[in-house]
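# Breakdown of the fold
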Amino acid sequence: MKNQHLHELENESIYILREVAGQFKKPVLLFSGGKDSIVLAHLIHKAFFPAKIPFPFLHVDTGHNFPETIEFRDQFVEKLGAQLIVRYVQDSIDQNKAQEETGKYASRNSLQTVTLLDAIEEFSFDACLGGARRDEEKSRAKERIFSIRDAFGQWDYKKQRPEPFQFLNGKIGLGENVRVFPISNWTEEDIWNYIEQEDLDLPSIYFAHERDLVLRDGSYLAQSPFLNTVESDVFEKQTVRFRTVGDMTCTAALPSEASTIRDVIDENKNSGRSERGARIDDKRSEAALEERKKGGYF
């Protein structure tokens, strides 16, 4: 028997997805291979079944992704029968459109913005669907479901349209773009409960595994050739899992023995840390994510 709360969330998301298909000419799903985009892809499949998924998936690859995530991404998309477009941050760097960061906290996470905006222009996408949720971070809570971006890809929360009674207005001007968030009203707990209910596969890094790590400023980062190590870093081997998936250089691991979905759900409930607390780049300033969003970041 289905959970009624999840059933209502699912119906709301499917309604939004069908509105996207009806109101926009060239939508695309921003797909990272993480749990939220996996749930969103599953909802898209449900929304249009038995027809094929009506829009492509786009992954902006930093080149510093977890290999387990990339392997899972390719297998998942092939199984789903969706079209996958990959654009690379490295190409933006090679074209001198983005500059590689240096130093201890160097990351390519923020560089994705340039690559994403170029891909939107290349394919003339007018709506980009993402798996962001309002409970993730305070700037996410300012988002509408249809979030308007100007001709430069910039976001201004003061200019967003009201959405009373789920009235979704997709009308945009020349050059404008809409970011769509069909799972805005879901929480992290909802996502995990839905994954359990629907028996969805996930990348292995979401579950406890032994890994070589770097202990830095109280956080565990995966050892990788992309991480700029410093003298104060401590190298350890621990059993950990990752609560969120991102660039290897800024996604912190959580010591854990959670090997099943139910274990993860229970462990998250007892955790004193937020999900975004595992993203080191969000800690650069109090408004780090909001500033990146204003510039066109997802």
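To be clear, the structure that these remarks concern was listed above.
Residues numbered from 1 in each chain as written. Predicted model: local features only at pLDDT ≥ 70, side-chain atom pairs only at ≥ 80, totals over all residues. Heavy atoms only, no water.

### Quick word on the overall build of the chain
Heads up, the rule is: Numbering of helices and strands runs from the N terminus; a helix is a DSSP stretch of H or I covering at least four residues, while a strand is a stretch of E covering at least two. Working definition: with a 1.4 Å probe on protein chains only, accessible area under 20% of the residue-type maximum means buried, over 50% means exposed, and in between means partly exposed.
Helix and strand counts for the chain come out as eight helices and 10 strands. In the chain, buried positions account for 54% of the 298 residues.

### Considering the sheet that holds strand β4 (residues 127-129)
This is how the line gets drawn: Should DSSP find at least two bridges between two strands, the strands are regarded as paired. Here an axis means a line fitted to C-alpha atoms, over the contact stretch when the element is a helix, while the angle between two N-to-C directions is reported on a 0 to 180 degree scale. Note on contacts: a residue pair qualifies if any of its non-hydrogen atoms lie within 4.5 Å across the two residues.
The mixed open sheet is built from six strands, whose spatial order is β3-β2-β1-β4-β6-β5. Taken across any chain shown, the strands that pair with only one partner, and hence form the sheet edges, are β3 (84-88) and β5 (146-149). Across this sheet, the average inter-strand angle for adjacent strands is 30°, counted without regard to direction. Against the sheet, helix α1 (residues 4-23) engages β1 (27-30), β4, β5 and β6 (177-180), with an angle of about 40° to β5. The sheet strands contacting helix α3 (residues 67-80) are β2 (57-61) and β3, and the helix crosses β2 at an angle near 170°.

### Thoughts on the pairing of β5
Along any regular strand, the residues point their side chains to alternate faces of the sheet. Neither face of β5 is left uncovered, since the one carrying F146 and I148 and the one carrying S147 and R149 both have all their residues buried. Two elements, β5 and β6, share four bridges in a ladder whose sense is antiparallel. Its bridge partner lying in β6, I148 is registered against V178.

### A short note on the sheet that holds strand β9 (residues 234-242)
Taken in spatial order, the four strands of this closed barrel run β7-β8-β10-β9, and their pairing is antiparallel. Across this sheet, the average inter-strand angle for adjacent strands is 65°, counted without regard to direction. For strand β7 (residues 209-216) and β9, the ladder comprises seven bridges, and the chain directions are antiparallel. Note on β9: the bridge partner recorded for H209 is V240.

### What about the nonpolar core?
Put simply, the rule reads: Joining through side-chain atoms within 4.5 Å is the link that ties buried Ala, Val, Leu, Ile, Met, Phe, Trp, Tyr and Cys residues into a set, and such a set is a nonpolar core.
F146, V180 and W192 are the most contacted members of the largest nonpolar core, which totals 56 residues. Of the residues forming this core, the biggest block, eight residues, is contributed by helix α2 (residues 35-48). Other than its neighbours up to four places away in sequence, W192 contacts K35, L202, Y206, F207, I261, V264, I265 and N268.

### Examining the side chain of S92
Take S92: it is sitting in helix α4 (residues 89-94). Setting aside residues up to four positions removed in sequence, S92 forms contacts with K97, A98, V114 and T115.

### A word on the side chain of N177
One can find N177 in strand β6. Classification of N177 as buried rests on a relative accessible area of 5%. Not counting residues within four places of it along the chain, the set of residues in contact with N177 comprises I120, F125, D126, A127, C128, S147, I148, R149 and I172.

### A look at the pattern of salt bridges
Here is the rule: Salt bridges are counted wherever a side-chain nitrogen of Lys or Arg sits within 4 Å of a carboxyl oxygen of Asp or Glu.
This structure, assessed with the given rule, holds 18 salt bridges. The salt bridge involving E198 is made with K46; its shortest N-O contact spans 3.0 Å. Taken together, the positions of E198 in helix α6 (residues 188-198) and K46 in helix α2 put the pair 152 residues apart, joining distant regions of the chain. Exposure remark for K46: the relative accessible area of 26% places this residue in the partly exposed category. Put simply, R133 and D135 hold a salt bridge, and the shortest N to O gap is 2.9 Å.

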